[in-house]
Amino acid sequence: MRPHRPLHPRRRRLTALLLFAAVALFPTAAPAAAAGSAVVAAPAAAPAAVAPVPGQLKPYAIDAVYSAGISSGGYMATQLHVAYSGTFSGSAVFASGPYNCAQNTLSTALNACMNTVQDLQLAQLEQTTRTWSSQGLVDPVANLSGDPVYVFSGSGDSTVKRPVADALADYYGRFGAQVRYDRSTAAGHAWISPLGPNSCTVTQTPFINNCGFDAERDLLGHLRGSVAAPSATPGGTLTRFDQNAYAPGGAAAMSLGAEGFVYVPKSCSEGATCSLMVALHGCKQGYAYQGFGTQFVDRAYLNEYADTNDMIVLYPQAAATGTLENPNGCWNWWGYLGDSAYARHGGKQIEAIMGMVRALRGSTPPPAADRVTLSSVDAQDGYVKAAADGTGAAVGPLEDTYGLALGRGTDAKVNRTLLSFDTSGIPAGKEITRAYLTVARSSGSGDPWASPAGNRLLVDVRTGCFGGCAVEPSDWSAAPTVAGGATIAAFSSGSATTTDLSAPALAALNRGGTTQVRLGFESAPASTAYLFVNKDTPVTLTVEYR
């Protein structure tokens, strides 16, 4: 048996936080309802489920696309609508908050976007959306004006508290969306459906509650303008398809399930012009989560309306990771697995779902190979050593022998590495959606990530060169265009990939010539702890675009 390797302090703290998140992101305890406020309905009989058949996504005549979701799926529904407002015409959300609420930080997700102990900074979220729109990182925000948006929040929801949903309604209002906000019941944390097996006020699996009214009629009527009565039982086809076809690198690598589902009414399969609803389950509701199966697909009460309203329903599936990154199979709304682009163009799950939408609409998706990988310019690479305060800086002499140094060497000097890339190789006229570095470790001693505990290896980005493009002593402390544009997690052998470059770092990439990056630890190691990189394998910069 492989021995268990103890976690160093930084990882122990991260593990504890993620374990807390695993509980907090979808608790199972039923909250108590306020006296006299509960809306209770008898448990619904099991729906007449449609047995899925294997198949592939194929094109239909689709004239409008909408998103809907619960909890993490609600956050993803909003991310899809805002990032691709040129495609999505509206959205319906149960129990979630405003766009980009977590701001790529798990603690913010927990404390501001579920609980209310931290300010969720709504004005900043609005400004970030407008900035990203101006940079082309999301579709023009002008598209949101007039879009129908349905928001639901129950007073019994202690998972995503009422002020968070209030902020979602407020957020959309700032862009001129037409918001219908239902906050009239004591519902727990759940998707609300006449087919829900749970009474209204509870928060427990399968997180589908019957509150005595037809929420699907309300949300679809608001999104579409009018809605015909549902069929008694679904009469269309439920197809199970391979999500790997829409996930470069594999579905599991981005916490997607291997299988997704699409419900197609007979009218749509026979050529009628139909709308498309992308319906997103919440945490612990994915097909592959502990045998949950198709309960969300069967009980969401969308297929019945699909039959009578010429509507295709796409049910993408998230999946749990085998690590603590996403143990409950939530959709990515806080930046797990290092995907800092999770809420905008280039977000891995967003792009996978968009690939599914394009397949159903018959439009051609952008090629998966829309990327360029650039090797660093060896003649301009190097490292600089200095005291912890930056004094006595000098160019490091050991590049040819060992590689480029990082951390604190045996001479007590702190090393930072400079790398140059010819980023004029990024095709003109293309929108950059993602970029990251890949570095290979040559050798080293000690663990600079643990000295001090929680130390971070940061990537600073400079448009052009820090000084001259050849490495010089002043590069140790020269000002970057973007400080800390990415980080590199601890690794003791082989190669590692940075987190995605931040949006400001992407904007700093110099399409007219050289972009330099500087790698250095946030804090000077307290004792000898260093690594060498780039000895035999050049550092690469991968840039994805469309």
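Please refer to the structure placed before this passage.
For clarity, every value in this text was computed on a predicted model and none was experimentally measured.

Regarding the packing of aromatic side chains
In step 1: Considering all chains together, one arrives at 20 aromatic pairs under this definition.
In step 2: With a centroid separation of 4.9 Å and 65° between ring planes, the pair formed by Phe 261 and Tyr 287 is classed as edge-to-face. With Phe 261 in strand 10 (residues 259-264) and Tyr 287 in the loop between strand 11 (274-280) and helix 8 (295-299), this residue pair connects regions lying 26 residues apart in the sequence.
In step 3: For Phe 261, a relative accessible area of 1% translates into the label buried.
In step 4: Taken together, the ring pairs connect Phe 94, Tyr 150, Phe 152, Trp 191, Phe 213, Phe 296 and Tyr 315 into an aromatic cluster.
In step 5: Cation over ring: Arg 358 sits above Tyr 84, and NZ or CZ is 5.9 Å from the ring centre.

Overview of the side chain of Arg 441
In step 1: Here Arg 441 lies in strand 18 (residues 432-445).
In step 2: The buried charged residue Arg 441 lacks any salt bridge partner; its closest oppositely charged side chain belongs to Asp 447, at an N-O distance of 6.5 Å.
In step 3: Of the polar contacts made by the side chain of Arg 441, one reaches the backbone oxygen of Phe 491; its length is 2.8 Å.
In step 4: Leave out the neighbours within four places in its chain, and Arg 441 touches Gly 446, Trp 449, Phe 491, Ser 492, Ser 493, Gly 494, Tyr 530, Leu 531, Phe 532 and Val 533.

Examining the pattern of salt bridges
In step 1: Considering all chains together, one arrives at 16 salt bridges under this definition.
In step 2: Here Lys 385 ties to Asp 411 by a salt bridge, and the two come within 2.5 Å at their closest N and O atoms. With Lys 385 in strand 14 (residues 382-386) and Asp 411 in the loop between strand 16 (404-408) and strand 17 (414-422), this pair connects stretches of sequence that are 26 residues apart.
In step 3: For Asp 411, a relative accessible area of 36% translates into the label partly exposed.
In step 4: Here the salt bridges share partners, and the residues they tie into one network are Glu 126, Arg 130, Asp 170 and Arg 174.

Focus: the state of the cysteines
In step 1: One pass over the full model with this rule turns up 5 disulfides.
In step 2: Residue Cys 200 pairs covalently with Cys 211 via a disulfide, S to S 2.0 Å. Handedness here is read from the sign of the S-S torsion; for Cys 200 and Cys 211, about 85°, the answer is right-handed. One end of the pair, Cys 200, is in the loop between strand 7 (198-199) and strand 8 (208-210); the other, Cys 211, is in the loop between strand 8 and helix 6 (215-224), and 11 residues separate them in sequence. Neither residue differs from the other here; Cys 200 and Cys 211 are each classed as buried.

A closer look at unusual backbone geometry
In step 1: Between Thr 205 and the following residue, Pro 206, the backbone shows a cis peptide bond with an omega angle of 5°.
In step 2: Residue Pro 452 is reached from Ser 451 by a cis peptide bond, and omega for that bond is 0°.
In step 3: Tracing the backbone shows Pro 452 in the loop between strand 18 and strand 19 (457-463).
In step 4: Of note, Ser 71 is a non-glycine position whose phi angle comes to about 60°, a positive value.
In step 5: Checked against the element boundaries, Ser 71 lands in the loop between strand 2 (62-70) and helix 2 (72-83).
In step 6: Looking at Ser 71, the relative accessible area reads 5%, which means it is buried.
In step 7: Phi is positive for Asn 104, which is not a glycine, with a value near 65°.
In step 8: Tracing the chain through its elements places Asn 104 in the loop between strand 3 (88-94) and helix 3 (106-111).

Calculation notes
- Residues numbered from 1 in each chain as written.
- Predicted model: local features only at pLDDT ≥ 70, side-chain atom pairs only at ≥ 80, totals over all residues.
- Heavy atoms only, no water.
- Phe/Tyr/Trp six-rings, centres within 6.5 Å; stacked < 30°, edge-to-face > 60°.
- Helix = DSSP H or I, 4+ residues; strand = E, 2+ residues; numbered from the N terminus.
- Buried < 20%, exposed > 50% of the residue type's maximum accessible area, 1.4 Å probe, protein only.
- Lys NZ or Arg CZ within 6 Å of the ring centre and 35° of its normal.
- Lys, Arg positive; Asp, Glu negative; His and termini not counted.
- Salt bridge = Lys/Arg side-chain N within 4 Å of Asp/Glu carboxyl O.
- Polar contact = N/O pair within 3.5 Å; in protein donor to acceptor, adjacent residues only side chain to side chain.
- Contact = heavy atoms within 4.5 Å.
- Disulfide = S-S within 2.5 Å.

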